[in-house]
Amino acid sequence: MLRKIFISIVFIIMIFSLSACKSNSNVITYVEPDEREKALLNMLADHYFIFDYVSSKEYKEVKIWLEKYENGDLVNRDIQFGHFDVAEEGSIIFTTTSDSSNKQFLFNIGTINNGGITSMESMDDYPDIESMASLWGPFYEENPLDDGEIILAYILYDGAESAFSIPNLDFIEGSGANVEELKSYAVTYLLKAEFIE
């Protein structure tokens with residue numbers, strides 16, 4: 001219960017403190033949190049991503065989900081968060097936390113628009129990540145909303161002794177993942193979204 005209150009507080013703070021550039025329309029943009037936001041998020045999450053969108057079209061909803069790959073093989077496309085209402089402007093916030101006692105990841109997704117907050121959570125079993133290193137980030141700083149499925153971000157895990165390299169832009173092909181590139185990592189999570197008219 002306390003954790004949900006903290007996450008709600010973080011979302012409320014971000015409503016008032018995020019100030020991404022809104023000059024482009026019909027795009028979703030990665031937002032780099034300021035130092036205060038980073039401190040709050042680091043207390044509550046292992047990984048986090050914040051995106052702002054501006055829509056010039058009438059979208060009914062945004063579908064947001066997570067795909068899991070192991071050594072390049074898609075093993076779970078159904079880490080589904082669901083469908084969320086879309087406004088002219090809004091934000092999407094994604095966080096992960098690990099529960100080592102139950103060997104599970106907890107994924108939280110929240111959308112902020114029209115002064116309201118909607119959030120959902122999902123879980124997934126994880127391998128022995130304590131012996132792995134992780135690399136995470138957004139794919140692009142900005143994506144058009146009308147490209148169908150959009151890969152927003154990645155979280156990569158591999159052996160701690162492995163040399164990690166940041167995936168190049170060939171890591172994705174359209175809305176799909178480049179399987180050859182994914183084979184370089186033990187576990188890959190891809191955060192995806194699709195704005196639906």
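The structure contained in this document is the topic of the report that follows. (Residues numbered from 1 in each chain as written. Predicted model: local features only at pLDDT ≥ 70, side-chain atom pairs only at ≥ 80, totals over all residues. Heavy atoms only, no water.)

1. Describing the pairing of strand 7 (residues 116–125)
Argument step 1. In this structure, strand 6 (residues 104–113) lies alongside strand 7, joined through ten bridges in antiparallel fashion. Among the inter-strand pairings, Asn-108 is bridged to a residue of strand 7, identified as Glu-121.
Argument step 2. Between the end of strand 6 and the start of strand 7, which pair antiparallel, lie two residues, with Asn-114 showing a positive phi angle near 50°. (Pairing = 2+ DSSP bridges. Helix = DSSP H or I, 4+ residues; strand = E, 2+ residues; numbered from the N terminus.)

2. Here we look at helix 2 (residues 35–44)
In an α-helix, one full turn covers 3.6 residues, which means residues spaced three or four apart are oriented alike.
Argument step 1. Buried within helix 2 are the following residues: Glu-37, Leu-41 and Leu-44. Take helix 2 and look down its axis: the buried residues cluster within an arc of 65°, on one side only. Summarising the geometry of helix 2, the exposed residues directed more than 90 degrees from the buried face are Glu-35, Arg-36 and Met-43.
Argument step 2. In this structure Asp-34 caps helix 2, since a side-chain oxygen of it lies 3.1 Å from the backbone nitrogen of Arg-36. (Buried < 20%, exposed > 50% of the residue type's maximum accessible area, 1.4 Å probe, protein only. Arc of directions from axis to C-beta. Polar contact = N/O pair within 3.5 Å; in protein donor to acceptor, adjacent residues only side chain to side chain.)

3. Brief notes about the pattern of salt bridges
Argument step 1. As enumerated under the stated definition, the model contains eight salt bridges in all.
Argument step 2. Note that Asp-124 and Lys-68 form a salt bridge whose closest N and O atoms lie 3.1 Å from each other. With Asp-124 in strand 7 and Lys-68 in strand 3 (residues 61–70), the pair connects residues that are 56 residues apart, well separated along the chain.
Argument step 3. In this structure Asp-124 comes out as buried when scored by relative accessible area, which is 10%. (Salt bridge = Lys/Arg side-chain N within 4 Å of Asp/Glu carboxyl O.)

4. Overview of unusual backbone geometry
Argument step 1. Here Asn-71, not a glycine, exhibits a phi torsion of approximately 50°, which is positive.
Argument step 2. Turning to its location among the elements, Asn-71 is positioned in the loop between strand 3 and strand 4 (73–85).
Argument step 3. A relative accessible area of 46% places Asn-71 in the partly exposed class.

5. Re the sheet that holds strand 1 (residues 27–30)
Argument step 1. The strand order across the open sheet built from six strands is 7-6-5-2-1-9, with neighbouring strands paired in antiparallel fashion. Across the chains shown, the open sheet's two edge strands, defined by having one partner strand only, are strand 7 and strand 9 (142–144). Taken over all neighbouring pairs, the strand axes of this sheet differ in orientation by 20° on average, direction set aside.
Argument step 2. Two elements, strand 1 and strand 2 (residues 47–54), share four bridges in a ladder whose sense is antiparallel. The partner of Tyr-30 across the bridge, within strand 2, is Phe-51.
Argument step 3. Here helix 2 sits on the sheet and contacts strand 2 and strand 5 (89–99); the angle it forms with strand 2, its principal contact strand, is near 130°. (Axes fitted to C-alpha atoms, helices over the stretch in contact; angles between N-to-C directions. Contact = heavy atoms within 4.5 Å.)

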